[in-house]
Amino acid sequence: MGQITNVQIEASWKDALEDEFQKPYFLEIKNFLVKAKREGKTIYPPGPQIFNAFNTTPIQKIEAVIIGQDPYHGPGQAMGLSFSVPKNIAVPASLKNIYKELNRDLDVEIPKHGDLTKWAEQGVFLLNAILTVEHRKASSHKNIGWQTFTDAVIQTISDRCEGVVFLLWGNFAKNKKGLIDEMKHYVLEAVHPSPLAGNGFQGCGHFSKTNELLEKQGKKTIDWSLI
């Protein structure tokens, strides 16, 4: 993975999160990952992609936030953007359901790939609450401190930005609601898109609702098409 100390983070985030990077818990995250590497463990995503969401979406460009839980734990899947996989990787089940709702909601053609970079480049901040995972061990890094960090990230977005649309899918994401100032921002809640949650995600209309809320503020809407 390379040492996390050499991992770069985009300038606006570096400034906004400067205090977090100095705290003892963040040093413990670094030490944990360096030790895991030394022990020969495979960690996803690769080091340079741990902060991919931050590097692709500077804080001042955020229009919407989609919160995931932790990275995919299979080879080549995780790329540092929640729900997203590289173009050469099979589309995961949850993302297939997201596409299904996107097609129903906006009549957007369903892509054959799972790369959501285009959303991130337009201001959709694709944040996983846990930023790393060990190979084939789901949620293996849930207790190493990442949630302290990403809770601070959500709080920072709430404090520094205006009129952001937060999309909270499933109970895990909904539990982050308390970090968001709903006097300044918009919160949309839905069932998780995972097949394990049944078909509850279908019909939520979050993509059109997000654009309506952005348009109401005079902001540019998101082009959700990935074709």
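Residues numbered from 1 in each chain as written. Predicted model: local features only at pLDDT ≥ 70, side-chain atom pairs only at ≥ 80, totals over all residues. Heavy atoms only, no water.

Colleague: What is the right way to read the nonpolar core from this model?
Modeller: Within soluble globular proteins, side chains that are nonpolar generally end up buried alongside one another. Residues Phe54, Trp119, Trp146 and Phe149 are the most contacted members of the largest nonpolar core, which totals 69 residues. The residues touching Trp119, leaving out its near neighbours within four places in the chain, are Ile66, Ile98, Leu102, Val124, Leu126, Phe207, Asp223, Trp224 and Leu226. (Core = buried A, V, L, I, M, F, W, Y, C linked by side-chain atoms within 4.5 Å. Buried < 20%, exposed > 50% of the residue type's maximum accessible area, 1.4 Å probe, protein only. Contact = heavy atoms within 4.5 Å.)

Colleague: Teacher, can you tell me more about unusual backbone geometry here?
Modeller: Note: most residues except glycine have negative phi, and most peptide bonds are trans. Of the consecutive residues Tyr44 and Pro45, the connecting peptide bond is found in the cis state with omega at -10°. One non-glycine residue, Arg136, adopts positive backbone phi at about 60°. Structurally, the position occupied by Arg136 is in the loop between strand 4 (133–134) and helix 7 (146–160). Taking relative accessible area as the criterion, Arg136 reaches 54% and is therefore assigned exposed. If you check the backbone angles, Ser139 has positive phi at about 60° while not being a glycine. Relative to the assigned elements, Ser139 resides in the loop between strand 4 and helix 7. (Helix = DSSP H or I, 4+ residues; strand = E, 2+ residues; numbered from the N terminus.)

Colleague: Hey, could you run me through the sheet that holds strand 3 (residues 124–128) in this one?
Modeller: The pairing of strands in a sheet happens through backbone hydrogen bonds and is either parallel or antiparallel. Taken in spatial order, the four strands line up as 3-2-5-6 in an open sheet, and their pairing is parallel. Lying at the two open borders of the sheet, with one neighbouring strand each, are strand 3 and strand 6 (186–190). Within this sheet the neighbouring strands show an average axis-to-axis angle of 20°, counted without direction. Relative to strand 5 (residues 165–169), strand 2 (residues 64–68) runs parallel, the two sharing three bridges. Along strand 5, the bridge assignment pairs Ile66 with Leu167. Helix 7 rests against strand 2, strand 3 and strand 5 of the sheet, and its axis sits at about 155° to strand 3. This element, helix 9 (residues 206–216), spans strand 2, strand 5 and strand 6 of the sheet and lies at about 175° to strand 6. (Pairing = 2+ DSSP bridges. Axes fitted to C-alpha atoms, helices over the stretch in contact; angles between N-to-C directions.)

Colleague: Mind showing me how you'd approach a negative patch on the surface here?
Modeller: Judged by side-chain charge, Asp159, Glu162, Asp181 and Glu182 come together as a negatively charged surface patch. The residue Glu162 is located in the loop between helix 7 and strand 5 in this model. Owing to a relative accessible area of 55%, Glu162 belongs among the exposed residues under this scheme. (Patch = residues over 30% accessible without salt bridge, like charges linked within 9 Å, V, L, I, M, F, W, Y side chains within 5 Å. Areas by Shrake-Rupley, 256 points an atom, 1.4 Å probe, with all protein chains shown as cover. Salt bridge = Lys/Arg side-chain N within 4 Å of Asp/Glu carboxyl O. Lys, Arg positive; Asp, Glu negative; His and termini not counted. Charge placed at Lys NZ, Arg CZ, Asp CG, Glu CD.)

Colleague: Explanation requested: the pairing of strand 2 in the structure shown.
Modeller: Sheet faces and side chains relate simply in a regular strand, where the side chains alternate between the two faces. Among the five residues of strand 2, five are classified as buried, and the element is accordingly described as predominantly covered. Burial of the side chains of strand 2 extends over both faces: Ala64, Ile66 and Gly68 are buried on one face and Val65 and Ile67 on the other. Sheet topology places strand 2 next to strand 3; five bridges connect them, and they run parallel. Bridging from a neighbouring strand, Val65 pairs with Phe125 of strand 3.

Colleague: Where do I start with the side chain of Asp70 in this structure?
Modeller: Following the sequence through the fold, Asp70 ends up in the loop between strand 2 and helix 5 (93–106). Buried and without a salt bridge, Asp70 has Lys142 as its closest oppositely charged side chain, separated by 8.9 Å. In this structure the side chain of Asp70 is engaged in a polar contact, spanning 2.7 Å, whose partner is the backbone nitrogen of Ser139. Non-local contacts of Asp70, meaning those with residues more than four positions away in its chain, are made with Asn128, Ile130, Val133, Ala138 and Ser139. (Polar contact = N/O pair within 3.5 Å; in protein donor to acceptor, adjacent residues only side chain to side chain.)

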